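Each chain, letter by letter, is given below.
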Amino acid sequence: MKLNNLPSEFQKALPILKKIRQAGYEAYFVGGSVRDAILNRPIHDVDIATSSYPEETKQIFNRTVDIGIEHGTVLVLEAGGEYEITTFRTEDVYVDYRRPQSVSFVRSLDEDLKRRDFTVNAFALDETGTVIDKFNGLDDLNKHLLRAVGVPSERFNEDALRIMRGFRFAATLDFTIETETFEAMKSHAPLLEKISVERSFIEFDKLLLAPFWKKGLSVLIDSGAYDYLPNLADSYGKLQSLRDCFSKDFCFASSEQAWAALLLALDVKDPKEFLKKWKTSSQFQKDVSAIVAFYRYRLKHEADKPLIYKFGKECAYLVEGLRQAQGLSVNFERIEQLDQELTIHDKHEIVVNGGVLIKELGMKPGPKMGKLLKGVEEAIVLGDLANNKADIFNYIKEMMNV
Ligand code: ATP
Ligand code: MG
């Protein structure tokens, strides 16, 4: 197959391929960008594979950065861009079902393509636009099939992350997983416990944010692999309810919203604890917990000022987005109006703080003062008190006389 109109990302990088070839080596575009170009999908990172060894690659270009030289990757700054150029390699010995113990650099493109996970990820594209397809990936692309390169069970045994990648690609590409590949994903799913949680998170997160996330989630559910992911064991029915509780074409607007929906479907009592097991950042834990809390409150109440103040307008919008997709009542205008009516969005905007009270009213620091300031904050948020010094001082004096 020949691609007649190379996407601009490839056009721009052609001088790199040519330069490597002129130096006496082979060079190709490889990986997901070739797949996406054939599918007419937008391209992100352009990966280049070459027969030149890293030290040789560095000789060819003026500006290079060693970003992963032990894996054979050199970053080249040229042709107005940054390109990762990786030496053809094989990954022979795998330890802990994830990282190859060592990579060997090789001169053969075929060897390099063999180590790749799925046939549709194992294309190479040369500078004339010819697609090199060693594993009938073009056939699979036409049939929308995701098939492991080589013997599926061996490939998942080598690297269990490929199982998660498989679910993820089903969700991003709207592909069906070929039967033998799916059976091997199923039987090797227990190995998911051995791979890094952070890597599983990235794949699961990409799955949830993908346009065909319901398809990806379905294969994850059908495979039973969720049993080996943090806090998801025995969640068959609840994961199904996550898949089925939204309108047909609904897509999550952010990772935070997606994970909040997952936690709500699982009826998780302590979102932070749950997300800690997934080794997410504390900011992410906080943001997801806020959506979950807001959503649960919203099941029984309209949105109100204290809630918008506490969690923010964005959080409220994400909650309404979930509600809308579930056919529940929504009120975006109310959120907008309440937010506009809020005279402060953060307690630091209050013109009086502890320091002012000590200096100007001679008050003593302590729990009593903290309580007073909390009362001031609440009254301002509710709109019962204006955010100016005179009114706040009056309010405090009144409170102290009670
Ligand atoms: P995306 O569009 O999300 O970037 P991608 O196919 O480019 O998807 P990457 O994770 O960027 O995926 O990896 C680039 C290529 O490297 C893949 O297309 C595949 O050929 C190969 N690859 C990546 N991870 C693995 C793996 N765990 N096992 C085998 N091959 C892999
Ligand atoms: Mg990629």
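These figures come from a predicted structure and were not determined experimentally. (Residues numbered from 1 in each chain as written. Chains lettered and ligands numbered in written order. Predicted model: local features only at pLDDT ≥ 70, side-chain atom pairs only at ≥ 80, totals over all residues. Heavy atoms only, no water.)

Caption draft 1: Fine view of the site of ligand 1. Around ligand 1, a shell composed of 17 residues is seen, among which Arg35, Asn121, Asp159, Arg162 and Arg168 lie nearest. Here Arg35 contributes a side-chain N or O atom positioned 2.8 Å from an oxygen atom of ligand 1. Between a nitrogen atom of ligand 1 and a side-chain N or O atom of Asp159, the distance comes to 2.9 Å. If ligand 1 stood free it would expose 590 Å²; the protein chains cover 80% of that surface. Broken down by secondary-structure element, the contributors of at least two residues to the shell around ligand 1 are α2 (32-38) and α7 (161-173). Here the element with the most residues in the shell around ligand 1 is α7; it accounts for four residues. Within the shell around ligand 1, the residues separate by chemical class into one nonpolar, four polar and twelve charged. (Near = heavy atom within 4 Å. Polar contact = N/O pair within 3.5 Å; in protein donor to acceptor, adjacent residues only side chain to side chain. Areas by Shrake-Rupley, 256 points an atom, 1.4 Å probe, with all protein chains shown as cover. Helix = DSSP H or I, 4+ residues; strand = E, 2+ residues; numbered from the N terminus. Nonpolar A, V, L, I, M, F, W, Y, C, P; charged D, E, K, R; others polar.)

Caption draft 2: Inspection of helix α19 (residues 367-382) at higher detail. With 16 residues, α19 ought to run about 22 Å at 1.5 Å a step, and its terminal C-alpha atoms sit 22 Å apart, in line with that. Every buried residue belonging to α19 is among Met369, Leu372, Gly375, Val376, Glu377, Ala379, Ile380 and Val381, and all of these are buried. On the buried face of α19, the contacting elements are α15 (305-311), α18 (354-361) and α20 (389-401). (Expected span 1.5 Å × (residues − 1). Buried < 20%, exposed > 50% of the residue type's maximum accessible area, 1.4 Å probe, protein only. Contact = heavy atoms within 4.5 Å.)

Caption draft 3: Local environment of the sheet that holds strand β2 (residues 47-50). Here we have seven strands laid out as an open sheet, ordered β3-β4-β5-β2-β1-β10-β11, and mixed in their pairing. Of all strands in the sheet, those with a lone pairing partner are β3 (64-68) and β11 (131-133), marking the two edges. Strand-to-strand, the axes of this sheet are offset by a mean angle of 35 degrees, without reference to chain direction. Sheet topology places strand β4 (residues 73-78) next to strand β5 (residues 81-87); six bridges connect them, and they run antiparallel. Residue pairing across strands places Leu77 opposite Glu82, the latter belonging to β5. (Pairing = 2+ DSSP bridges. Axes fitted to C-alpha atoms, helices over the stretch in contact; angles between N-to-C directions.)

Caption draft 4: Spatial organisation of the domain arrangement of the chain. When the domains of the chain are assigned, the result is domain 1 (1-136), domain 2 (144-244), domain 3 (245-342) and domain 4 (348-401). A separation of 54 Å is found between the C-alpha centroids of domain 2 and domain 4. (Domains from an automatic or database assignment.)

Caption draft 5: Molecular detail of helix α16 (residues 313-325). Between its terminal C-alpha atoms α16 stretches 18 Å, which fits the 18 Å expected from 13 residues at 1.5 Å a residue. Along α16, the residues that are buried comprise Cys315, Ala316, Leu318, Val319, Glu320, Gly321, Leu322, Arg323 and Ala325. Contact partners of the buried residues in α16: α12 (255-265), α14 (282-298), α15 and α17 (332-341). Remark: Gly327 follows α16 within two positions and exhibits a positive phi of approximately 75 degrees.

Caption draft 6: Spatial organisation of the pattern of salt bridges. Per the stated rule, a full pass over the model turns up 32 salt bridges. Note that Lys143 is salt-bridged to Asp139, the shortest N-O span being 3.2 Å. One end of the pair is Lys143 and the other is Asp139, both in helix α5 (residues 137-143) and four residues apart, which spans about a single turn. Residue classification places Asp139 among the partly exposed residues on the basis of a relative accessible area of 37%. A salt bridge links Glu302 to Arg334; the shortest N-O distance between them is 3.7 Å. Of this pair, Glu302 sits in the loop between α14 and α15 while Arg334 sits in helix α17, and the two are 32 residues apart along the sequence. Here Glu302 falls in the partly exposed class, since its relative accessible area comes to 37%. Overall, the relative accessible area of 30% leaves Arg334 in the partly exposed class. What emerges from the salt-bridge pattern is a single network uniting Arg155, Glu158, Asp159 and Arg162. (Salt bridge = Lys/Arg side-chain N within 4 Å of Asp/Glu carboxyl O.)

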